[in-house]
Amino acid sequence: MRETNYYKEQIETDFWPYWEKYIDTTYGGVLNCINNYGDKIINEKKYSWSQGRFLWILSSLYELSIKGILDIDKNRLKNYMDGNLKFILDNCLLEDYSTVFLLERDGTKIKDKKTGRYDTSIYSDCFIIIGICKYVQNIEDESLVKTILNILNNTTNKISSKHFYTEPYPIPEGYETHAVNMIMVNTLYEVIQTLDKYSMKYDKYVKQANDMINTILYKLCEDGLIREFVYKEGAKNKRLLDRHVTPGHALESMWFIIEYLEKYEDITKHIDTIGDISIKSFDIGWDEEFGGLLRFVDREGGIPKGESQETSFEKLIMDTHDMKIWWPQSEALVIFHKLYQLTGNQKYLERYNKIKEYVFRVFPNEEIGEWIQIRLRDGSPLEKVVALPVKDPFHIMRAFIKIIESEE
């Protein structure tokens with residue numbers, strides 16, 4: 001199976017021309033508060049979450065262009081990367097190296113009304129880290145490594161002390177979440193790669209990553225399904241939060257783990273477990289009537305159920321469980337491509353082909369490019385805010401990039 005040319009064409013003729021139009025050449029970064037159809041800027045505010053993600057995308061495209069794999073102007077990419085990085089360094093970091101969640105276009109910080117804080121998402125911290133890491137992996141600047149480690153150490157301290165925010169959906173009191181563990185595996189992988197490039201020690205970060213991987217695979221996993229939330233005082237399988245499954249997150253988490261293990265540990269010890277989780281997560285989330293992955297399902301299949309405390313996340317589950325949104329589909333492409341490459345097992349190829357056929361039949365916006373990212377269960381477009389009021393520049397192109405990289 002050789003998919004590189006297909007995804008190169010997607011990037012070069014569709015996704016890159018689309019997103020280049022929204023790069024902010026005045027202040028740096030990207031303007032991505034765009035409607036779902038993709039033809040109108042809703043407002044010019046900037047989420048640091050998206051700025052860090054876009055820096056990762058720009059730096060990855062630059063790397064592939066330098067290697068001659070992609071035909072994109074390297075000098076333009078470098079200028080955009082520099083502008084994006086400058087915006088982040090000038091505006092997105094607080095004194096303690098937490099990140100500002102939301103800013104005006106020019107970088108003016110916006111305080112969150114609910115919490116009274118600027119730093120309301122630990123996920124923003126992580127996306128800023130991975131963006132700067134990818135930049136530093138391609139542009140020699142050892143001084144930025146200190147900045148990366150300062151942000152990381154602040155982030156890990158917040159996690160260990162349990163003093164952090166995850167807006168727009170706070171973690172309900174008493175729960176442990178898969179999401180923090182999985183984003184940290186990906187973040188630590190990028191940090192370790194960066195330290196490796198500069199011949200710096202990274203042993204303690206390997207231990208952190210290994211601990212989180214073991215938590216995901218052997219503590220948060222039950223009957224082959226990842227528990228997105230685990231209540232520390234019990235109530236197992238009674239509450240909606242405990243019962244629901246997020247197939248896309250499970251699949252994304254599995255390829256994060258594979259990517260890390262392939263390079264820094266022995267993947268053979270875990271590959272069967274990863275494969276089983278991926279298969280079960282995909283199959284339970286697959287919509288037999290319309291195709292594609294549902295956003296949330298019950299751990300026994302079907303509509304999520306259980307007792308609800310009406311938290312913001314529980315409302316999200318019930319409001320969007322049967323929607324087809326872009327990122328779970330993208331993550332399914334990556335994990336089954338990776339699993340088939342590693343094992344040659346046809347069951348992975350079958351699921352890769354299944355999701356690929358669905359995705360490229362349903363999601364592309366043939367008129368203006370990119371994808372219509374948010375859709376109803378039957379595939380109809382839906383103008384709706386999911387998590388943040390943005391069009392995401394990250395998951396789809398990252399999926400294409402990862403598949404290309406794995407074949408080179």
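Residues numbered from 1 in each chain as written. Predicted model: local features only at pLDDT ≥ 70, side-chain atom pairs only at ≥ 80, totals over all residues. Heavy atoms only, no water.

K.L.:
Explain the packing of helix 2 (residues 48-66) against helix 4 (residues 122-138) here, please?
P.N.:
In helix packing, the relevant descriptors are the interaxial angle and the interaxial distance, both defined with respect to the helix axes. Two elements in contact, helix 2 and helix 4, have axes whose closest approach is 7 Å; the angle formed by their N-to-C orientations is 20°. Taken together, helix 2 and helix 4 sit at an angle that is classed as roughly parallel. The two elements helix 2 and helix 4 cross, and the hand of that crossing is left-handed. Every residue of helix 4 that contacts helix 2 at Ser48, Trp49, Gly52, Arg53, Leu55, Trp56, Ser59, Ser60, Tyr62 and Glu63 is listed here: Tyr123, Ser124, Phe127, Ile128, Ile130, Gly131, Ile132, Lys134, Tyr135 and Asn138. (Axes fitted to C-alpha atoms, helices over the stretch in contact; angles between N-to-C directions. Helix = DSSP H or I, 4+ residues; strand = E, 2+ residues; numbered from the N terminus. Parallel < 35°, antiparallel > 145°, perpendicular 65-115°, else oblique. Left-handed = near helix turned anticlockwise from the far one by under 90°. Contact = heavy atoms within 4.5 Å.)

K.L.:
Explain unusual backbone geometry here, please?
P.N.:
The phi angle of most residues is negative, glycine excepted, and most peptide bonds adopt the trans form. In the segment running from Glu167 into Pro168, the intervening peptide bond is cis, with an omega of 10°. Although it is not a glycine, Asp223 adopts a positive phi angle of roughly 55°. Mapped onto the elements of the fold, Asp223 is located in the loop between strand 5 (221-222) and strand 6 (225-226). Given the relative accessible area of 58%, Asp223 is considered exposed. Unlike most non-glycine residues, Glu370 shows phi in positive territory, near 60°. (Buried < 20%, exposed > 50% of the residue type's maximum accessible area, 1.4 Å probe, protein only.)

K.L.:
Would you mind showing me how to read helix 13 (residues 346-362) here?
P.N.:
An α-helix turns once every 3.6 residues. As a result, residues three or four positions apart point the same way. Over its 17 residues, helix 13 runs 24 Å from end to end, which matches the ideal 24 Å to within 8%, given 1.5 Å per residue. Among all positions of helix 13, only Tyr348, Leu349, Arg351, Tyr352, Ile355, Lys356, Tyr358, Val359, Phe360 and Val362 are buried. Buried residues along helix 13 sit in contact with helix 1 (4-20), helix 10 (271-285), strand 10 (324-325), helix 12 (326-343), strand 11 (374-375) and helix 14 (395-407). Put simply, Asn345 is the residue that caps the front of helix 13, since its side-chain oxygen is 2.9 Å from the backbone nitrogen of Lys347. (Expected span 1.5 Å × (residues − 1). Polar contact = N/O pair within 3.5 Å; in protein donor to acceptor, adjacent residues only side chain to side chain.)

K.L.:
I would appreciate a short explanation of the packing of aromatic side chains in the present structure.
P.N.:
The description of an aromatic ring pair rests on the distance of the ring centres and on the angle between the ring planes. According to the stated counting rule, one finds 35 aromatic pairs in the structure shown. Residues Tyr175 and Phe229 carry aromatic rings whose centres are separated by 6.0 Å and whose planes lie at 90° to one another, so their mutual orientation is edge-to-face. Note that Tyr175 is positioned in strand 4 (residues 175-177) and Phe229 in strand 7 (residues 229-231), a separation of 54 residues in sequence. The same class applies to Tyr175 and to Phe229, which are both buried. Positioned above the aromatic ring of Phe87, the side-chain terminus of Lys46 is 4.2 Å from the ring centre. The ring of Phe363 carries Arg375 above its face, with NZ or CZ at 5.5 Å from the centroid. (Phe/Tyr/Trp six-rings, centres within 6.5 Å; stacked < 30°, edge-to-face > 60°. Lys NZ or Arg CZ within 6 Å of the ring centre and 35° of its normal.)

K.L.:
When you look at the nonpolar core in this model, what are you seeing that I'm missing?
P.N.:
Within soluble globular proteins, side chains that are nonpolar tend to cluster in buried spots. Core analysis: the largest hydrophobic core is formed by 128 residues, its most contacted members being Leu61, Ile132 and Phe400. Sequence-distant contacts of Phe400, that is, excluding residues within four places in its chain, are made with Tyr7, Gln10, Ile11, Phe15, Leu333, Phe360 and Trp371. Tyr175, Leu240, Leu241 and Phe313 belong to the second-largest nonpolar core, a separate cluster that totals nine residues. (Core = buried A, V, L, I, M, F, W, Y, C linked by side-chain atoms within 4.5 Å.)

K.L.:
Mind showing me how you'd approach the sheet that holds strand 3 (residues 109-110) here?
P.N.:
Across a sheet, paired strands are connected by hydrogen bonds in the backbone, their directions being either parallel or antiparallel. Read across the open sheet, the three strands follow the order 1-2-3; overall the sheet is antiparallel. Each having just a single partner strand, strand 1 (46-47) and strand 3 make up the two edges of the open sheet. (Pairing = 2+ DSSP bridges.)

K.L.:
Looking at this structure, I do not really get the side chain of Lys158. What am I missing?
P.N.:
Secondary-structure assignment places Lys158 in helix 5 (residues 143-161). Under the relative-accessibility criterion, Lys158 is labelled buried at 13%. Ignoring sequence-local partners within four residues, the contact set of Lys158 consists of Ser98, Ile122, Asp125, His163 and Phe164.

K.L.:
Whenever I open this one, the pattern of salt bridges confuses me. Can you help?
P.N.:
Where charged atoms from two side chains of opposite charge approach closely, those side chains can pair. The full count for this structure, using the stated rule, is 32 salt bridges. In this structure, the salt-bridge partner of Arg227 is Glu222, at a minimum N-O distance of 3.5 Å. Taking relative accessible area as the criterion, Glu222 reaches 21% and is therefore assigned partly exposed. One connected set of salt bridges, linked through shared partners, spans Asp24, Glu44, Lys46 and Arg105. (Salt bridge = Lys/Arg side-chain N within 4 Å of Asp/Glu carboxyl O.)

K.L.:
How should I be thinking about helix 10 in this particular structure?
P.N.:
The terminal C-alpha atoms of helix 10 lie 21 Å apart, and with 15 residues this matches the ideal 21 Å at 1.5 Å per residue to within 8%. Restricting attention to buried positions, one finds in helix 10 the residues Ile271, Ile274, Gly275, Ile277, Ser278, Ile279, Ser281, Phe282, Ile284 and Gly285.

K.L.:
When you look at the environment of Asp141 in this model, what are you seeing that I'm missing?
P.N.:
Along the chain, Asp141 turns up in the loop between helix 4 and helix 5. Looking at Asp141, the relative accessible area reads 26%, which means it is partly exposed. The spatial distance from the C-alpha of Asp141 to the C-alpha of Thr120 is 29 Å, given a sequence separation of 21 residues.

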